[in-house]
Amino acid sequence: MRHRMDRKRFSRTTSHRRAMFRNMAAALFQHGAIRTTEPKAKRLRRFVEKVITLAKKDSLHARRMVIAELNDRELFDNDGEMENKTLVQTIFDDIAPRYAERSGGYTRIIKLAERRLGDAGRQVILQLVEEDAAGGASSTGSSRRKARAAKLYAAAAAVAPVA
C-alpha cells in the first residue's frame, strides 16, 4: 500500500532519480525551458522552486546548500565552448534576482498536443516564468486571455523538439 507516500519513483533508484533531477534542473536553469514528460515536470517543479527560493537569500549558507543540492558544474554553450559562469553563479547572479519580488510560482508547465513517439508519453514544456514590464493586458487592447494564449503559443514554438 502507498499510505503517506507522496513522491513518484519513476522506476529508478534513489541515486538515479536524484541525478536525473539535478541534470534536468541544470538544463532548465541554463536554457530557460526544457521539454519532458508531465510527471517528471511536475516533480521537477517542486525541486527547482525550492532551489530558487533558497538562492533568493543570497548568503554563503544558501550558496552551499544549493551546491549540495545541484553539484555545481561548468556550463557550456551550444557550440561546446565553456561559458564564464558556473551553474550556481548563474542561479545566484541571474535567476534569483529576477524573482526577488515574487513569492513563488517561478515555473510554468505548458502541455503539448503531440505525444512522444515510442511510448506515447504526454509531453510538456517546463519553463521559467519571465517577468513582463507591461504586466497585464497587451498594448493592442486584446483581452488578457488572448495575450496569455499568444505568449504560451510563442513559448511552445520557441523550444525545439528533442531528438
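In the block above lies the structure referred to throughout.
Read on for a plain summary of the structure. (Residues numbered from 1 in each chain as written. Predicted model: local features only at pLDDT ≥ 70, side-chain atom pairs only at ≥ 80, totals over all residues. Heavy atoms only, no water.)

### Description of the nonpolar core
Here is step 1 of the chain: Counting 32 residues, the largest nonpolar core has Phe29, Leu44, Leu70 and Ile91 as the members making the most contacts within it.
Here is step 2 of the chain: Where this core is concerned, the elements lending two or more residues are α1 (14-31), α2 (38-55), α3 (60-70), α4 (87-98) and β5 (122-128).
Here is step 3 of the chain: Apart from the residues within four sequence positions on either side, Leu70 is in contact with Arg22, Ala25, Phe29, Phe47, Val51, Leu87 and Ile91.
Here is step 4 of the chain: Counting residues in hydrophobic clusters, the runner-up holds 6 residues, among them Ala33, Leu112, Ile125 and Val159. (Core = buried A, V, L, I, M, F, W, Y, C linked by side-chain atoms within 4.5 Å. Buried < 20%, exposed > 50% of the residue type's maximum accessible area, 1.4 Å probe, protein only. Helix = DSSP H or I, 4+ residues; strand = E, 2+ residues; numbered from the N terminus. Contact = heavy atoms within 4.5 Å.)

### Digging into the pairing of strand β3 (residues 82-86)
Here is step 1 of the chain: The pairing of strand β2 (residues 74-76) with β3 spans 2 bridges and is antiparallel. Each bridged residue has a counterpart across the sheet, and for Glu74 the counterpart in β3 is Thr86.
Here is step 2 of the chain: Counted between consecutive antiparallel strands, the loop separating β2 from β3 contains 5 residues, among which Gly80 sits at a positive phi close to 90°. (Pairing = 2+ DSSP bridges.)

### Quick look at the side chain of Glu38
Here is step 1 of the chain: Within the secondary structure, Glu38 sits in helix α2.
Here is step 2 of the chain: A polar atom in the side chain of Glu38 sits 3.2 Å from the side chain of Lys111. (Polar contact = N/O pair within 3.5 Å; in protein donor to acceptor, adjacent residues only side chain to side chain.)

### Concerning the packing of aromatic side chains
Here is step 1 of the chain: By the definition in use, this model includes 3 aromatic pairs.
Here is step 2 of the chain: An angle of 70° between the planes, with centres 5.8 Å apart, marks the rings of Phe10 and Phe21 as edge-to-face. Here Phe10, found in the segment before α1, pairs with Phe21, found in helix α1; they are 11 residues apart in sequence, far enough to count as distant. Like Phe10, the residue Phe21 is buried in the burial classification.
Here is step 3 of the chain: Taken together, the ring pairs connect Phe10, Phe21 and Phe47 into an aromatic cluster.
Here is step 4 of the chain: Positioned over the ring face of Phe21 is Arg43, at 5.8 Å from the centre of the ring.
Here is step 5 of the chain: Its guanidinium or amino end placed over the ring of Phe92, Arg63 lies 4.3 Å from that ring's centre, counting from NZ or CZ. (Phe/Tyr/Trp six-rings, centres within 6.5 Å; stacked < 30°, edge-to-face > 60°. Lys NZ or Arg CZ within 6 Å of the ring centre and 35° of its normal.)

### Some points on the pairing of strand β1 (residues 33-37)
Here is step 1 of the chain: Among the 5 residues in β1, 5 count as buried, and that is most of the element.
Here is step 2 of the chain: As paired strands, β1 and β5 are joined by 5 bridges and run antiparallel to one another. Bridging across to β5, Ala33 finds its partner in Gln127.

### Focus: unusual backbone geometry
Here is step 1 of the chain: Here the phi dihedral of Arg4 falls at roughly 60°; this positive angle occurs in a residue that is not glycine.
Here is step 2 of the chain: Position of Arg4 relative to the elements: it lies in the segment before α1.
Here is step 3 of the chain: The class for Arg4 is exposed, based on a relative accessible area of 86%.
Here is step 4 of the chain: The backbone of Ala120 sits at a positive phi, close to 55°, despite the residue not being glycine.
Here is step 5 of the chain: Mapped onto the fold, Ala120 is located in the loop between β4 (107-115) and β5.
Here is step 6 of the chain: Since its relative accessible area comes to 40%, Ala120 is described here as partly exposed.

### With respect to the sheet that holds β4
Here is step 1 of the chain: Across the sheet, which stays open at both edges, the 3 strands sit in the order β1-β5-β4 with antiparallel pairing between neighbours. Two strands close off the open sheet at either side, each with one partner strand: β1 and β4. Strand-to-strand twist across the sheet, computed as the mean angle between neighbouring axes with direction ignored, equals 25°.
Here is step 2 of the chain: In this sheet, β5 lies alongside β4 in antiparallel orientation, the contact comprising 6 bridges. Across the sheet, residue Arg115 finds its bridge partner in β5, namely Arg122.
Here is step 3 of the chain: The sheet strands contacting α1 are β1, β4 and β5, and the helix crosses β1 at an angle near 145°. (Axes fitted to C-alpha atoms, helices over the stretch in contact; angles between N-to-C directions.)

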